[in-house]
Amino acid sequence: MPPLKPAESLADAFNAFDPRTPLSGPAFKAFYVPRPVGTEKLLGDLQAGRSQVSKWLFTGHRGSGKSTELIRLANELDAQNFTVYYTVEEVLDMADLDYKDVLLSLGSALYEAAKKRKVNLKKRLLQDLVGWYSTTLKEVEGAVSAGAELEEKADFWFLKLLARQRSEVATRKTIRTELESRLSDLIEKINRIAEAIAEKTGRPVLAIVDGLDKVMDLGIARRMYYEGGASLRAPACKAIYTVPLALFHTTEFGQVRVTFDDYFSLPNVKVNGHDGQPDEDGRAMLRELVHRRLAPGLIAPDAVERLAELSGGVLRELVALAKDACSFARVRKGDRVEAEDVERAAGRLRNVFAGMLTDDHYRELWRIHADPLHRYTNSPTVQELVHNLSLLEYADGDAWWDVHPVVRPLLEERRDTLGNLNLARA
Amino acid sequence: MTRLATSTSLAPEVTVDLARLTDALRIAEGGFVGFALFDTFPTRDAMMHEIEMRLAGEVEIRRVELTPDEPYLYERLELDQPSAINHQPSARHIAYFAYGFEGISDEARAQAFGALQIQREAIGRLEVPVVLWMVEGNLIDLARRAPDFFVWRAGLYDFRSPDRKRAEEFGRAMRQMLDIYSPSLVPPDELRKRIKLYEELLARRQAEPDAQPRGIAGLHHDLGLLHYQLHGWDTALAHFQQARETYERLGDAARLAMTLNNIGNIFSDKGEWDTALAHFQQAHETYERLGDVAGLAGTLNNIGEVSRHKGEWDAALAHYRQARETLDRLGDASGVAMTLNNIGNIFNNKGEWDAALAYYQQARETFERLGDAAGLAMTLNNIGSVFNNKGEWDAALAYYQQARETFERLGDAGGLARTLWNIGLIYEAQGRLTDAQPLLERAVELERRFGHPDAEKDAAYLASLRQRQ
């Protein structure tokens with residue numbers, strides 16, 4: 001664990017820039033920098049508490065800082081709400097999941113949070129829950145023995161069952177089949193837990209279900225929201241569900257979107273405005289993010305600026321570039337990260353993009369880049385560009401799109417041919 | 001200057017990434033996901049091997065080869081229970097090299113990449129550094145199928161050849177380059193550590209019931225190179241001979257030629273010119289038959305060295321020029337600099353000082369640009385010798401001092417002995433016998449230690465000097 005202050009050596013900095021984990025706990029306190037345009041609107045809406053059962057959708061670019069923002073929301077709203085944050089990546093099989101699995105995991109997450117935070121659920125409730133699960137899922141092989149203590153039984157149904165559901169395909173099938181016909185019962189049980197928690201703590205439950213945006217098979221994600229949208233909206237608590245950005249922007253998802261109370265798309269931090277001029281607020285935030293992890297003497301000012309610029313405002317890209325730049329500076333035996341280190345780190349990434357992008361991709365990127373309004377047109381090609389992060393979404397009022405700064409030189413190299421193509425098409 | 005085995009020089013960026021990945025694995029705390037790009041298997045193997053050697057004793061690299069039967073990274077890592085190992089306070093850190101994606105069918109590979117996306121949290125919880133070695137096409141596929149795993153990357157390391165068309169040649173050359181372990185890259189202590197490691201490996205390999213002769217021969221060859229660099233000529237020779245026998249038996253012409261060339265080098269260093277020449281010529285014929293131009297160029301250079309020592313200057317010059325032409329065509333800058341230095345030696349021997357200086361200066365510039373300290377020191381010594389021969393002692397001494405410092409830093413006993421001897425001779429000519437004597441003594445001591453052909457001659461000279469005092 002690197003120290004929770006700006007690193008004093010490039011080796012520590014290398015470890016402090018970790019693109020793997022969202023910020024939480026002490027690391028959040030030490031490293032979190034508020035975004036110029038963040039989740040304030042969502043926070044406000046959630047605090048306003050129009051309804052105790054509102055359901056939101058949450059999306060954003062891969063690496064834009066969604067998980068960190070959701071963890072922050074969970075923390076900030078915890079005074080008013082009993083917030084439960086979890087990511088389905090840790091509890092479900094991401095290759096094969098449906099809305100029933102998500103609901104099952106939601107029930108488990110509530111139970112686990114109550115147990116952890118010593119909100120003792122009444123014995124009668126536990127008996128009822130255990131009774132329902134053991135009747136409904138009596139087919140599950142090797143269920144807990146009848147003679148076990150009540151709490152042990154409850155732990156089995158809420159905690160151990162999920163692990164088996166994740167790893168045993170046969171068990172998963174059994175559970176789904178049984179739950180299919182008793183879904184309203186399952187939702188009712190979730191509601192009983194949520195109500196009990198709210199009653200004991202005086203705070204309504206807010207569940208934040210992260211990780212659904214990482215379902216790779218868009219077919220699975222689509223089915224989950226199409227077939228399961230109504231069920232996901234049903235639990236009597238507030239909830240935020242994440243959605244893959246690529247699915248979110250399809251026309252068909254529009255129908256699903258309107259059935260939820262609201263949605264929020266976390267924009268990338270702007271490094272440039274719509275007009276291509278530098279965005280000072282955005283850049284200041286990105287610079288601060290670097291300085292929180294790295295003592296000022298360890299990085300040249302122009303290197304920080306280049307990092308901010310080349311990240312395109314995607315926070316995880318910034319962290320990954322900074323980490324790689326530290327590595328370049330170290331082998332150069334430099335005292336600090338220089339702009340050349342940043343350029344070289346970006347160059348490595350650019351090489352991957354160069355291999356990844358096709359002529360069609362370049363044409364589409366050029367079209368959007370050359371369009372003064374930087375408009376988005378929905379097409380499979382564009383979805384691929386969003387997916388591989390070569391096309392980034394920004395917002396000031398309206399959403400607009402631009403090419404990842406690391407990719408831009410590749411586009412420039414092809415400017416002549418692409419320019420012609422563009423004219424020929426016009 | 002002779003050449004162990006020929007090589008095009010490593011692209012500067014490849015050298016940087018080699019250093020970066022080694023450094024990252026050394027300093028990384030907890031988990032870490034790196035992607036290493038390669039375009040030939042020899043490159044990949046050479047790079048993995050080099051990093052393992054550089055980290056020997058600090059980080060234990062475990063190789064995980066993914067196969068059609070077991071293509072899933074997480075399952076393979078979990079079997080090893082790395083978190084249990086790394087959590088033992090005294091245990092050495094471990095890291096994984098995962099490779100073999102190319103040998104898996106497209107469909108299975110797609111699934112294996114999909115699994116990375118799905119199991120990334122689980123892989124993350126193992127808290128160990130993992131480097132995935134793959135070709136570009138696969139990396140791009142991975143980025144598409146497992147984007148959330150791809151963005152976890154802590155570093156991208158590019159070990160591809162700068163020129164795709166020359167990829168294969170480059171890969172082979174790189175392997176050779178790393179096998180040479182140029183003294184400018186590796187300090188003697190590290191060489192000794194590697195010898196120990198290889199010896200252990202050799203013993204283990206030999207004890208295996210189905211011992212693989214090719215692998216064992218390879219270790220003998222590597223040990224030969226390591227001992228050679230430490231001037232342990234006789235031990236090196238014994239290892240090379242072992243390798244040679246096996247390669248002959250297996251009919252492995254390419255490796256045989258390489259070994260013959262390296263045996264030739266030892267005889268050349270010992271001053272046994274005819275034996276050296278016989279070996280070089282055998283290697284030369286084989287390289288020619290195989291169409292291995294890079295190997296050929298190195299051997300031509302080495303034959304040139306023998307000719308020069310025998311005073312056959314025109315023959316030497318012809319060989320050097322042929323070698324230089326080929327190396328130039330291959331884009332092997334350090335090889336070209338080596339031949340320029342050697343051509344300079346001829347003019348120096350012939351007393352054509354200006355021509356000698358011109359060649360040395362060209363060589364010097366290249367060595368400086370490449371950061372090749374050993375080559376640079378050798379050339380500085382030679383420039384010093386031109387000034388020495390011209391009687392410009394102050395200039396000569398200035399160059400010798402620079403060369404001496406570098407040889408000392410590199411622990412290059414051969415180069416150091418030569419430069420100390422040269423400085424000693426100037427002091428002697430200046431009448432500073434008390435200054436000269438310790439330098440000459442040390443030079444002789446070094447020469448004796450590794451059996452330099454001139455050792456006894458130099459010792460006799462030193463004795464006569466003592467008498468004169």
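Note that the structure is predicted; figures quoted are calculated from it, not measured.

A. Local environment of the confidence of the model for chain A. Residues and elements named next belong to chain A. In this model, chain A carries an average pLDDT of 87, and 97% of its residues clear a pLDDT of 70 or more. Per-element confidence in chain A is highest for helix α14 (residues 301-311), whose mean pLDDT is 96, and lowest for helix α20 (residues 415-425), whose mean pLDDT is 54. Predicted confidence for residues 421-426 stays below pLDDT 50, and this span has five contacts to residues more than four positions away or in other chains.

B. Molecular detail of the interface of chain A and chain B. Counting residues at the interface gives 33 residues for chain A and 36 residues for chain B. Together, the buried faces of chain A and chain B total about 3,300 Å²; carbon and sulfur atoms form 54% of this surface. When the shortest N-O distance is used, the salt bridge between D23(B) and R330(A) registers 2.5 Å. Along the contact surface separating chain A from chain B lie twelve residue pairs in polar contact (both at pLDDT 80 or more). The set of elements that each furnish at least two residues to the side of chain A that touches chain B consists of α1 (10-16), α15 (315-331) and α16 (339-356) of chain A. A per-element tally of the side of chain A that touches chain B places α15(A) first, with nine residues. In terms of residue class, the side of chain A that touches chain B is built from 15 nonpolar, five polar and 13 charged.

C. Here's a closer look at the packing of α16(A) against helix α7 (residues 136-145) of chain B. Here α16(A) crosses α7(B) at 90 degrees, and the two axes come no closer than 9 Å. On the basis of the axis angle, α16(A) is roughly perpendicular to α7(B). Along the contact surface, α16(A) presents N351(A), V352(A), G355(A) and M356(A), while α7(B) presents E136(B), L139(B), I140(B) and A143(B). Residue classes in the contact of α16(A) with α7(B) are distributed as five nonpolar, two polar and one charged.

D. Geometry of the environment of Q282(B). Residue and element names in this part refer to chain B. Tracing the backbone through its elements, the reader meets Q282 in helix α14 (residues 273-290). Spatially, the C-alpha atoms of Q282 and L260 are 7.2 Å apart, while their sequence positions differ by 22 residues. Beyond its immediate chain neighbours, meaning those up to four positions away, Q282 contacts R244 and L260.

E. Spatial organisation of the sheet that holds strand β3 (residues 205-210) of chain A. All names here are of chain A. Read from one edge of the open sheet, five strands run β2-β3-β4-β1-β5, paired in parallel fashion. On the outer flanks of this sheet lie β2 (82-87) and β5 (262-266), each paired with one strand and no other. Averaged over all pairs of adjacent strands, the angle between strand axes in this sheet comes to 15 degrees, irrespective of strand direction. The pairing of strand β1 (residues 55-60) with β5 spans five bridges and is classified as parallel. Paired with F58 across the bridge in β5 is F264. Against the sheet, helix α3 (residues 40-48) touches β1, β3, β4 (238-242) and β5, its axis set at about 170 degrees to β1.

F. Structural detail: the packing of aromatic side chains. All names here are of chain A. Considering all chains together, one arrives at 22 aromatic pairs over all chains under this definition. Taking the centre distance of 5.6 Å and the plane angle of 85 degrees together, the rings of Y225 and F253 count as edge-to-face. Here the residue Y225 occupies a position in helix α10 (residues 218-233), and F253 occupies one in helix α12 (residues 253-257), the gap between them amounting to 28 residues. An aromatic cluster is present here, built from Y111, W132, Y133, F156, W157 and F158 joined pairwise through their rings. Stacked on the ring of Y99, the Lys or Arg K100 has its end atom at 4.8 Å from the ring centre. We note K323 situated over the ring of F14; from NZ or CZ to the ring centre the distance is 4.3 Å.

G. Looking closely at the pattern of salt bridges. This model, assessed by the stated rule, comprises 73 salt bridges over all chains. Across the salt bridge formed by D98(A) and R176(A), the nearest N and O atoms sit 3.7 Å from each other. In this pair, D98(A) is assigned in the loop between β2 and α5 (99-116) and R176(A) in helix α8 (residues 169-180), connecting sequence segments 78 residues apart. Judged on exposure class, the residue D98(A) and its partner R176(A) are both buried. Residue R44(B) pairs with D45(B) through a salt bridge whose shortest N-O separation is 3.2 Å. With a relative accessible area of 9%, R44(B) lands in the buried category. Judged by relative accessible area, D45(B) falls into the partly exposed class, the value being 27%.

Scoring rules and cut-offs
Residues numbered from 1 in each chain as written. Chains lettered and ligands numbered in written order. Predicted model: local features only at pLDDT ≥ 70, side-chain atom pairs only at ≥ 80, totals over all residues. Heavy atoms only, no water. pLDDT = per-residue confidence, 0-100. Helix = DSSP H or I, 4+ residues; strand = E, 2+ residues; numbered from the N terminus. Contact = heavy atoms within 4.5 Å. Buried area = accessible area lost by both parts, 1.4 Å probe. Salt bridge = Lys/Arg side-chain N within 4 Å of Asp/Glu carboxyl O. Polar contact = N/O pair within 3.5 Å; in protein donor to acceptor, adjacent residues only side chain to side chain. Nonpolar A, V, L, I, M, F, W, Y, C, P; charged D, E, K, R; others polar. Axes fitted to C-alpha atoms, helices over the stretch in contact; angles between N-to-C directions. Parallel < 35°, antiparallel > 145°, perpendicular 65-115°, else oblique. Pairing = 2+ DSSP bridges. Phe/Tyr/Trp six-rings, centres within 6.5 Å; stacked < 30°, edge-to-face > 60°. Lys NZ or Arg CZ within 6 Å of the ring centre and 35° of its normal. Buried < 20%, exposed > 50% of the residue type's maximum accessible area, 1.4 Å probe, protein only.

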